[in-house]
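Overview (structure and organization)
As a plain string of letters, each chain reads:
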Amino acid sequence: MKAVVCQNWGLPDTLTVQDLPDPQAGPGQVVIDVKAAGVNFPDVLIIQGKYQFKPELPFVPGSEVAGVVRSVADDVTTFKAGDRVIAFTSTGGFGQQLLAPVQALAPMPPGMDFETAAAITLTYGTSHHAVVDRAALKAGEIMLVLGAAGGVGLAAIEIGKALGARIIACASTDEKLEVCKAHGADVLINYSKEDLREAIKAATGGKGPDVIYDPVGGEYSEPAFRSIAWRGRYLVVGFANGEIPKLPLNLTLLKGASLVGVFWGEFVKREPKANLAGMRQLIGWLQEGKIKPHISGRYKLEETAQALMDMAARKVTGKVVILPG
């Protein structure tokens, strides 16, 4: 099989496409023919050795896959060859085949296509954990989303609307904001043109947002946090900007506000039943048309490095997927 290989820590252009032996299922394992693989910002960090965990070199990056079961180990009874599945693993996704533990698999819902299935796990899982579980966003509340046109940002917008909240989307270009509007955002703020604090004040009548969803970090985190409502919840989702902000803790006191960490990968490990319940709710919303992954780009396996460079340069809206062929 062909796969993208990370031989040494580095930027996406150091990745190579190689011929590797077809994987064989050992005890508790399943081999999947990959039909589509989701690209996520953590993939950019993992290949540079900058993520929360470091795989052993060399490795195949990619964690979010949809495909068809090729073979299963003798002790696997929950899946069989020919089953359409979604898999979430730490590595191995950017290849024509994936070897995965059976507990990493979920059946694809009837009628779902492979691209959608490969685009829902991490971004929507992260945003559901953040918005529903960690922030407990309620109908009628206001949620501000920074970096709103990215994968997790658009997912947060849709989840917030499904819960009945009012959504303020913030992004760096008018084109990105149009995508946010199409996915349900009520108010649009271009923070490359507008003063963020003044725009938030105008959009909320001076009250401020009840929840702030921040997957970006950097220079906009502090002005957003200074604008938060009384008893507001500030969701620390990630640092796509590359800069970890240093927020003055006196602001939490003055606003009675909470800083809330969001680490979906660890949540999946520690609370698998809660994660499964969240995914069931997401699948229900998908079938009802309340959420719909926005797939803005499709890349061949040989173009994986370019997909990751586009992700790193923040040129991506919503999700992009690799189609191994």
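Report follows, based on the coordinates. (Residues numbered from 1 in each chain as written. Predicted model: local features only at pLDDT ≥ 70, side-chain atom pairs only at ≥ 80, totals over all residues. Heavy atoms only, no water.)

**Looking at the nonpolar core**
Spelled out, the test is: Nine residue types can take part in a nonpolar core, namely buried Ala, Val, Leu, Ile, Met, Phe, Trp, Tyr and Cys, and a core is a set of them joined through side-chain atoms within 4.5 Å. The classification of residues rests on relative accessible area computed with a 1.4 Å probe and restricted to protein chains. Under 20% of the type maximum is buried, over 50% is exposed, and intermediate values are partly exposed. Segments assigned H or I by DSSP are reported as helices when at least four residues long, segments assigned E as strands when at least two residues long, and all are numbered from the N terminus.
Of all hydrophobic cores here, the largest spans 45 residues; its most connected members are Met143, Val145, Ile157, Cys180, Tyr213 and Leu235. Elements supplying a minimum of two residues to this core: strand S4 (64-72), helix H2 (114-134), strand S8 (142-145), helix H3 (151-162), strand S9 (166-171), helix H4 (174-182), strand S11 (211-214) and helix H9 (272-288). If one sorts the elements of this core by residue count, H2 sits on top with seven residues.

**Side note on the sheet that holds S8**
We count it as follows: Note on pairing: DSSP must find at least two bridges between two strands before they are called paired. Orientation is described by axes fitted as lines to C-alpha atoms, over the contacting stretch for helices, and by angles from 0 to 180 degrees between their N-to-C directions. For this analysis, residues touch if any pair of their heavy atoms sits within 4.5 Å.
The six strands are arranged S10-S9-S8-S11-S12-S13 in an open sheet whose pairing can be described as parallel. Since the sheet does not close on itself, it has two edges, and those belong to strand S10 (187-190) and strand S13 (258-261), each with one partner. Averaged over all pairs of adjacent strands, the angle between their axes in this sheet comes to 20 degrees, without regard to strand direction. Here S8 pairs with S9 via four bridges, running parallel. For Met143, the partnering residue across the bridge sits in S9 and is Ile167. Docked against the sheet, H3 engages S8, S9 and S11, running at close to 170 degrees with respect to S8.

**Some words on H4**
The following threshold applies: Picture the helix axis, draw a direction to every C-beta atom, and the arc is the one those directions span.
Along H4, the residues classified as buried are Lys176, Leu177, Val179 and Cys180. Down the axis of H4, the buried side of the element spans an arc of 150 degrees, and every buried residue falls inside it. Turned more than 90 degrees off the buried face of H4, the exposed positions are Glu175 and Ala182. Considering only its buried residues, H4 is in contact with H3, S9 and S10. Positive backbone phi, approximately 115 degrees, marks Gly184, located one or two places after H4.

**Focus on the environment of Ala3**
Take Ala3: it is sitting in strand S1 (residues 2-5). Here Ala3 falls in the buried class, since its relative accessible area comes to 0%. Once the C-alpha coordinates of Ala3 and Pro101 are considered, the two residues, 98 residues apart in sequence, prove to be 19 Å apart. Other than its neighbours up to four places away in sequence, Ala3 contacts Thr16, Val17, Gln18, Leu20, Val60, Phe94, Gly95 and Leu301.

**Remarks on the pattern of salt bridges**
For the record, the criterion: We define a salt bridge as a contact between a side-chain nitrogen of Lys or Arg and a carboxyl oxygen of Asp or Glu at a distance within 4 Å.
One pass over the structure, following the stated rule, counts 12 salt bridges. A salt bridge links Arg226 to Glu222, with the shortest nitrogen-to-oxygen separation between them at 2.9 Å. Here Arg226 pairs with Glu222, and both are found in helix H6 (residues 221-226), just four residues apart, close to one helical turn. Arg226 sits in the partly exposed class, given a relative accessible area of 32%. For Glu222, a relative accessible area of 28% gives the class partly exposed. Of the charged contacts in the structure, one is a salt bridge between Glu266 and Arg270, with a shortest N-O distance of 2.9 Å. With Glu266 and Arg270 both in helix H8 (residues 264-270) and four residues apart, the pair spans about one turn of that helix. Judged by its relative accessible area of 25%, Glu266 falls in the partly exposed class. You can call Arg270 exposed: its relative accessible area is 65%.

**Examining the pairing of S11**
For the record, the criterion: Clockwise travel from the first strand over the helix to the second, with the strands pointing away from the viewer, marks a crossover as right-handed.
Here S11 shows two buried faces, one formed by Val211 and Tyr213 and the other by Ile212 and Asp214. The sheet contact formed by S8 and S11 spans three bridges and is parallel. By the bridge assignment, Val145 is partnered in S11 with Tyr213. Taken together, the four bridges between S11 and strand S12 (residues 233-236) define a ladder with parallel strand orientation. Looking at the pairing, Ile212 lines up with Tyr234 of S12. For the crossover from S11 across H6 to S12, the handedness is right-handed.

**Let's talk about unusual backbone geometry**
Put simply, Leu57 and Pro58 share a cis peptide bond, and its omega is -10 degrees. Structurally, Pro58 is set in the loop between helix H1 (41-46) and S4. One non-glycine residue, Arg314, adopts positive backbone phi at about 60 degrees. Of note, Arg314 is situated in the loop between helix H10 (304-312) and strand S15 (319-323).

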